[in-house]
Amino acid sequence: MTVVDRFLQYVKFDTQSDELTNMTPSTPGQMVFAEHLEKELRGMGLSDISLDDNGYLMATLPSNIEGRKVPTVGFIAHLDTSPDMSGRHVSPRIVEKYQGGDITLNSAEGIVLSPGQFPELNDYIGQDLIVTDGNTLLGADDKAGIAEIITAIEYLQAHPEIKHGDIRIAFNPDEEIGKGAHKFDVERFAADWAYTMDGGAIGELEYENFNAAVARVTFKGCNVHPGYAKHKMLNSIRVANQFAIMLPRWETPEHTEDYEGFYHMVSFEGTVEKTVLTYIIRDHDRDRFERRKKELEHLTRKVNNEFPGCASIEINDQYYNMREKIEPVMHIIDIAIKAMEDAGVTPKVQPIRGGTDGAQLSFKGLPCPNIFAGGLNFHGRYEFVPVPSMEKATDVIVEIARIVGER
């Protein structure tokens, strides 16, 4: 089965995660997909296959090298798709040999994937592109990664002349809600290091990511009949708005790039009586990250100076920059770079403006940089993936296995 065939099959599974359920996996569709993959891996004859009650699926392609010890390398991808847009009834379409210009995704709704808005489309002229029908996301994040890993394993099985050590693979739930690594059993996985196949455009190789936290700021108001509210009412919505505009407007996602951090309001829910603002805080630099958290606490105190007892804040760290865990083992980056070059891919080493399961796994003792899976415009209706990018990602996995086996 080709990587495209697998991918088109996998996106049919509705695996959208949900941070409100407090379960693992957070949605039942992820376990349904994991069970399907478990059956596929058993049919391939892999070893040490396990699927636990939390939806973590692991398996091994055994070494075909005798007489010497070879490091065990892992490849990881996540089962879930983003809560930001529906992943139900995904209806993908292949645009053959894209000729440039607009791609109509949904004529009835007037939904168009345009290089005017997404100029990266121009990088893929002449290639087959897999797109959505405009009603859902596509799911290349990260079903492309899953398809690539399994296809690469199948290729290695069919080509025993490629010598490799033990290859461990894992597919986990709930990456999109920041919980993918929480119940990942690193000891049971038993790899010396691993790669998440969860990056974007072809060539991406990432071992730096944001430090990340989520902040929830709650404002308590006092609701009184508006006709008699003078000196009595406290409108929590208005106070929350006052708080929001105190943050620097240029330190937001739409105004930052590269190593620049930001505050990002992801939710505003309120009535006169109570309003809750939810922010995510991101910065590559640990000191600046800590200062951003302190700034939110400072602004909360400032609000309370004007409206005593009105505001409260809760901040929880989510993950940290994996760079400090990767730098002592930079040979794993060198191997990935060599694998890309051998596969005919130009490496693009860059920081992740986000996070992956690899960040948390690196701090749990499994160094785990991130490699491209090929998709673009994740988490929305304009998501697409070039077919050659998926094919090259598959080749890179094979090359990593070969290089480690040879060394």
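Before reading further, recall that the structure is shown in the block above.
Residues numbered from 1 in each chain as written. Predicted model: local features only at pLDDT ≥ 70, side-chain atom pairs only at ≥ 80, totals over all residues. Heavy atoms only, no water.

A. Representation of the overall build of the protein chain in the model. Of regular secondary structure, the protein chain possesses 10 helices and 17 strands. For the protein chain, whose C-alpha radius of gyration is 23 Å, the value lies close to the compact-globule estimate of 22 Å for 407 residues. Principal-axis analysis of the C-alpha atoms gives the protein chain an extent of 85 × 50 × 35 Å. Counting over 407 residues, the protein chain shows a buried share of 54%. Taking all contacts inside the protein chain whose residues are at least 6 apart in sequence as the whole, residues at least 24 apart take part in 79%. Accessible surface, the protein chain as shown: approximately 18000 Å² in total, 48% of it carbon and sulfur. In the protein chain, 41 positive and 63 negative side-chain charges are present, and the distance between their average locations comes to 6 Å. (Helix = DSSP H or I, 4+ residues; strand = E, 2+ residues; numbered from the N terminus. Rg over C-alpha atoms; globule rule 2.2 N^0.38 Å. Buried < 20%, exposed > 50% of the residue type's maximum accessible area, 1.4 Å probe, protein only. Contact = heavy atoms within 4.5 Å. Areas by Shrake-Rupley, 256 points an atom, 1.4 Å probe, with all protein chains shown as cover. Lys, Arg positive; Asp, Glu negative; His and termini not counted. Charge placed at Lys NZ, Arg CZ, Asp CG, Glu CD.)

B. Representation of the nonpolar core in the model. Phe7, Leu41, Phe171, Tyr195, Ile371 and Ile400 are the most contacted members of the largest nonpolar core, which has 71 residues in total. For this core, the element with the most residues is helix H10 (residues 387-406), which contributes 10 residues. Among residues more than four places away in sequence, those in contact with Tyr195 are Val73, Gly74, Phe75, Ile76, Ile332, Ile335, Ala336, Cys368, Pro369, Ile371 and Ile400. With 21 residues, the next largest nonpolar core counts Ala215, Ala244, Phe289 and Leu299 among its residues. (Core = buried A, V, L, I, M, F, W, Y, C linked by side-chain atoms within 4.5 Å.)

C. Fine view of the pattern of salt bridges. This structure, assessed with the given rule, holds 17 salt bridges. Among the salt bridges present, the one from Arg402 reaches Glu399, with a minimum N-O distance of 2.6 Å. A residue pair is termed a helical-turn pair when its members lie 3 or 4 positions apart in one helix, as Arg402 and Glu399 do in helix H10 at three residues. This pair shows no difference in class: Arg402 is buried, exactly as Glu399 is. Each of Lys338, Asp342, Glu399, Arg402 and Glu406 takes part in salt bridges that share partners, so that together they form one network. (Salt bridge = Lys/Arg side-chain N within 4 Å of Asp/Glu carboxyl O.)

D. Inspection of the sheet that holds strand E14 (residues 311-319) at higher detail. Pairing within the open sheet is antiparallel, and its four strands lie in the order E12-E13-E11-E14. Edge positions in the sheet fall to strand E12 (262-270) and E14, since each has one partner strand and no second. Ignoring which end each strand starts from, the neighbouring axes of this sheet average 15 degrees apart. The pairing of strand E11 (residues 211-220) with E14 spans eight bridges and is antiparallel. Counterpart to Arg216 in the pairing with E14 is Glu314. Relative to strand E13 (residues 274-283), helix H5 (residues 236-244) is tilted by about 20 degrees, and along the sheet it contacts E11, E12 and E13. Relative to the sheet, helix H6 (residues 286-306) contacts E11, E12, E13 and E14, its axis offset from that of E14 by approximately 165 degrees. (Pairing = 2+ DSSP bridges. Axes fitted to C-alpha atoms, helices over the stretch in contact; angles between N-to-C directions.)

E. Main features of the sheet that holds strand E10 (residues 204-206). Read from one edge to the other, the open sheet built from eight strands follows the order E1-E2-E8-E3-E9-E16-E10-E15, with strand pairing classed as mixed. The sheet terminates laterally at strand E1 (47-51) and strand E15 (348-349), the two strands that pair on one side only. The pairing of E10 with E15 spans two bridges and is classified as parallel. Counted as the bridge partner of Leu205 is Val349 from E15. The sheet contacts of helix H3 (residues 140-158) involve strand E2 (57-61), strand E3 (73-78), strand E8 (167-172), strand E9 (193-199) and strand E16 (370-372), and relative to E3 the element is tilted by about 145 degrees.

F. Highlighting the packing of helix H2 (residues 28-44) against H3. Relative to each other, H2 and H3 sit at 10 degrees, their axes nearing to 11 Å. In terms of their interaxial angle, H2 and H3 are classed as roughly parallel. Contacts between H2 and H3 involve Phe33, Leu37, Glu40, Leu41 and Met44 from the first element and Lys143, Ile146, Ile150, Ile153, Glu154 and Gln157 from the second. For the contact of H2 with H3, a count of residues per class yields seven nonpolar, one polar and three charged. (Parallel < 35°, antiparallel > 145°, perpendicular 65-115°, else oblique. Nonpolar A, V, L, I, M, F, W, Y, C, P; charged D, E, K, R; others polar.)

G. Local environment of the packing of aromatic side chains. One pass over the structure, following the stated rule, counts 11 aromatic pairs. Ring centres of Tyr56 and Phe184 lie 6.1 Å apart, and the angle between their planes is 85 degrees; on these two criteria the pair is classed as edge-to-face. With Tyr56 in the loop between E1 and E2 and Phe184 in the loop between E8 and helix H4 (186-189), this pair connects stretches of sequence that are 128 residues apart. Residue Tyr56 shares its accessibility class with Phe184, and that shared class is buried. The structure contains a cluster of three or more aromatic residues connected by ring pairs, namely Tyr10, Phe13 and Phe33. Here the basic side chain of Arg249 rests over the ring of Trp250, its NZ or CZ set 4.5 Å away from the ring centre. (Phe/Tyr/Trp six-rings, centres within 6.5 Å; stacked < 30°, edge-to-face > 60°. Lys NZ or Arg CZ within 6 Å of the ring centre and 35° of its normal.)

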